[in-house]
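Overview (structure and organization)
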Amino acid sequence: QLKIYNSLTAEKEIFKPILDGNVGMYVCGPTVYSNVHLGNVRTFLSFDFIYRTLMHLGYKVRYVRNITDAGHLTDDGNVDNDRFVKQTRLEKLEPMEIVQKYTVDFHKVLDMFNLLPPNIEPTATGHIVEQIELTQKLIERGFAYESNGSVYFDVLEYNKRGLNYGELSKRNIEELFANTRDLDGQGEKKNPQDFALWKKASPAHIMRWNSPWGEGFPGWHLECTAMSTKYLGETFDIHGGGMDLKFPHHECEIAQGKACNDAAPVNYWMHANMLTMNSQRMSKSTGNYILPMQLVTGDNDFFEKPFHPSIVRFCFLQAHYRSVLDISNDAMIASEKGFIRLMEAVKVLNSITPNDEKPSGFSLADWKNKCYEALTDDFNSPILIAHLFEAVKYIFALNDDKETISTVDLEDLKSTLNAFIFDVLGLQNIEENNNEKLDQTLKVLIELRNQARKSKNFDLSDQIRDKLLAEGIELKDGRDGTSYVLS
Ligand code: AMP
Ligand code: ZN
């Protein structure tokens, strides 16, 4: 039985999907106005592990993760400081060039850490119509009002109708009202806590769309309601994001969903905790951050050497997704050691000979149970990894002839261990990966040599063969084509 910690109830609950065997999961994606930092990667990686686990447990998952490519204001709430518009001025690019540049970067980074792509990756700008429709619906239902070309959600009205703004972040609305300064609404809002569904564009604002309220752009919170409900339904199973999105973003999503559809939009709210560096939250705005590429290439002053993305991934998964993780040189070195030992065990396991005569002191069934208990206990990756190391110890004992394993158990251990390491944790064997790359590269060279021979360019085809030979790679022409031998 899968248990999930639900941020809404602050309890671990038994997971009951709406449709048996199926899961609808939405995770807030990046705002693509600059490169993602390593902290952002941790959150997306946490949900990649959750996605992989759900699939491993046999669920059919529809995983939606959006791209915020419009409408995300800077923290000071000033409309003219829209993150995209600001970056457009800085880089002297069109807004959609900024969006494309950083979307490509985002995909490259996640690919490097072996994250699976979501099933649907919708964009805010691709769903302006849906957002306008939702805004109209909220006005019709009396939950929103127009003011000077902008439309705001009426938080007080929402609460008057017995709904509870603040239920997720456990904030009290009176306190909220007392403590909020009106930076964003410029006197347009009825109450400071009201949030924008649609914003009027000032003359300088270049990202703008027509609407019943004049030219403007959508508020950030609305895009996630529009896209999650469009692809997953008015109520869906899991909604995720970083802890910092709980308030106001997710609080607003709940309010919008309930006000539109008279139903809570999400059954299980999941929040991933932050990555810190120097014990402070990683963040672009404070300058306390490292880019993923800087860690992988070693181009930074913080870590003493470069680290392979798979080791970074392993390090992240050694912490539970709801715990804060402080990244440091020591933590990475320790993860590297653990990772190498784990991969060594995978290799050693392939050379073990079974013995059906002698009984073993290691119970494979008990071990598997413990692993699944960890996985289903709110996706507890560090406990799972600790159990994997029990198997590692056993494998080395087998290798030293201090333990035995039956034929059936050996096959079972191999497939279970591989599934946990490669499918669920999503780790990649560094060595194998390099060999794979070499193999692909050599196949390309062989193909080019064949083409050269076909077009009678023997000078070039001989050069390819001789230069490879000089590097210790011998090409062998046979009846079934060309193969290679490494010396
Ligand atoms: P953004 O592009 O700013 O919307 O952020 C993308 C995701 O990264 C959100 O889910 C944030 O909660 C998350 N995030 C931002 N900073 C950190 C951090 N230091 N550690 C982990 N996740 C973070
Ligand atoms: Zn969102």
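Description of the structure in this document. (Residues numbered from 1 in each chain as written. Chains lettered and ligands numbered in written order. Predicted model: local features only at pLDDT ≥ 70, side-chain atom pairs only at ≥ 80, totals over all residues. Heavy atoms only, no water.)

A closer look at the overall build of the protein
Of the regular secondary structure elements, the protein holds 16 helices and 15 strands. Over its C-alpha atoms, taken along the principal directions, the protein stretches across nearly 75 × 65 × 45 Å. Put simply, of all contacts in the protein between residues at least 6 apart along the chain, 73% involve residues at least 24 apart. Accessible surface, the protein: about 22700 Å² in total, of which carbon and sulfur atoms supply 49%. The positive charge centre, built from 53 side chains, and the negative charge centre, built from 69, are 1 Å apart in the protein. (Helix = DSSP H or I, 4+ residues; strand = E, 2+ residues; numbered from the N terminus. Contact = heavy atoms within 4.5 Å. Areas by Shrake-Rupley, 256 points an atom, 1.4 Å probe, with all protein chains shown as cover. Lys, Arg positive; Asp, Glu negative; His and termini not counted. Charge placed at Lys NZ, Arg CZ, Asp CG, Glu CD.)

Some remarks on the site of ligand 1
Surveying the vicinity of ligand 1 reveals 15 residues, the closest of which are Gly 39, Thr 43, Asp 244, Leu 275 and Met 282. At 2.8 Å, a backbone N or O of Leu 275 approaches a nitrogen atom of ligand 1. Separating a nitrogen atom of ligand 1 from a backbone N or O atom of Met 282 is a distance of 2.8 Å. Contact with the protein chains removes 92% of the 490 Å² of surface that ligand 1 exposes when unbound. (Near = heavy atom within 4 Å. Polar contact = N/O pair within 3.5 Å; in protein donor to acceptor, adjacent residues only side chain to side chain.)

Regarding the pattern of salt bridges
Considering all chains together, one arrives at 22 salt bridges under this definition. Salt-bridge contacts for Asp 48 lead to Arg 52; the nearest nitrogen and oxygen are separated by 2.9 Å. Within this pair, Asp 48 and its partner Arg 52 are both found in helix α1 (residues 38-56), separated by four residues, close to a single helical turn. In terms of burial, Asp 48 and Arg 52 fall into one category: buried. The partner of Glu 157 in a salt bridge is Arg 161, with the nearest N and O atoms 2.8 Å apart. (Salt bridge = Lys/Arg side-chain N within 4 Å of Asp/Glu carboxyl O. Buried < 20%, exposed > 50% of the residue type's maximum accessible area, 1.4 Å probe, protein only.)

Brief notes about the packing of helix α2 (residues 83-91) against helix α3 (residues 95-112)
Direction vectors running N to C along α2 and α3 enclose 95 degrees, while the axes themselves pass 9 Å from each other. Relative to α3, the element α2 lies roughly perpendicular. Residue-level inspection shows Phe 84, Gln 87, Thr 88 and Glu 91 of α2 in contact with α3, the latter providing Pro 95, Ile 98, Val 99, Lys 101 and Tyr 102. Of the residues contributing to the contact of α2 with α3, the split by class is five nonpolar, two polar and two charged. (Axes fitted to C-alpha atoms, helices over the stretch in contact; angles between N-to-C directions. Parallel < 35°, antiparallel > 145°, perpendicular 65-115°, else oblique. Nonpolar A, V, L, I, M, F, W, Y, C, P; charged D, E, K, R; others polar.)

Points about the sheet that holds strand β4 (residues 60-65)
Read across the sheet, four strands follow the order β4-β3-β9-β10 without closing on themselves; strand pairing throughout is parallel. Both outer strands of the open sheet, β4 and β10 (266-272), are each paired with one neighbouring strand and no more. Strand-to-strand, the axes of this sheet are offset by a mean angle of 20 degrees, without reference to chain direction. Bridge count between strand β3 (residues 22-27) and strand β9 (residues 236-242): three bridges; the pairing is parallel. Within β9, the position partnered with Tyr 26 by the bridge is His 239. (Pairing = 2+ DSSP bridges.)

Digging into the pairing of β4
In this sheet, β4 lies alongside β3 in parallel orientation, the contact comprising six bridges. Pairing of Tyr 26 across the sheet is with Val 64, part of β4. Since β3 and β4 lie parallel, the crossover through α1 that links them has a hand, and here it is right-handed. (Right-handed = clockwise from strand over helix to strand, strands pointing away.)

Describing the side chain of Gln 87
Here Gln 87 shows up in helix α2. According to the relative accessible area criterion, Gln 87 is buried, its value standing at 15%. In contact with Gln 87, other than residues within four places in its own chain, are Tyr 33, Lys 92, Ile 98 and Tyr 102.

So, unusual backbone geometry
Put simply, Phe 247 and Pro 248 share a cis peptide bond, and its omega is 0 degrees. When you line up the elements, Pro 248 lands in helix α8 (residues 246-261). In the Ramachandran plot, Lys 170 falls in the positive-phi region, its phi being about 55 degrees despite a non-glycine side chain. Residue position: Lys 170 is located in the loop between α5 (155-160) and α6 (173-179). For Lys 170, a relative accessible area of 49% corresponds to the partly exposed category. Positive phi outside glycine occurs at Phe 379, with the angle close to 55 degrees. Its place among the elements puts Phe 379 in the loop between α12 (364-376) and α13 (381-399).

A closer look at helix α7 (residues 220-232)
A rise of 1.5 Å per residue sets the reference length of α7, with its 13 residues, at 18 Å; its end C-alpha atoms lie 19 Å apart and thus fit the reference within 8%. Judged by how many residues are buried, α7 sits mostly within the fold: 11 of 13 residues are covered. Listed in full, the buried residues belonging to α7 are Trp 220, His 221, Leu 222, Glu 223, Cys 224, Thr 225, Ala 226, Met 227, Ser 228, Thr 229 and Leu 232. Phi turns positive, to about 105 degrees, at Gly 233, one or two residues after α7. (Expected span 1.5 Å × (residues − 1).)

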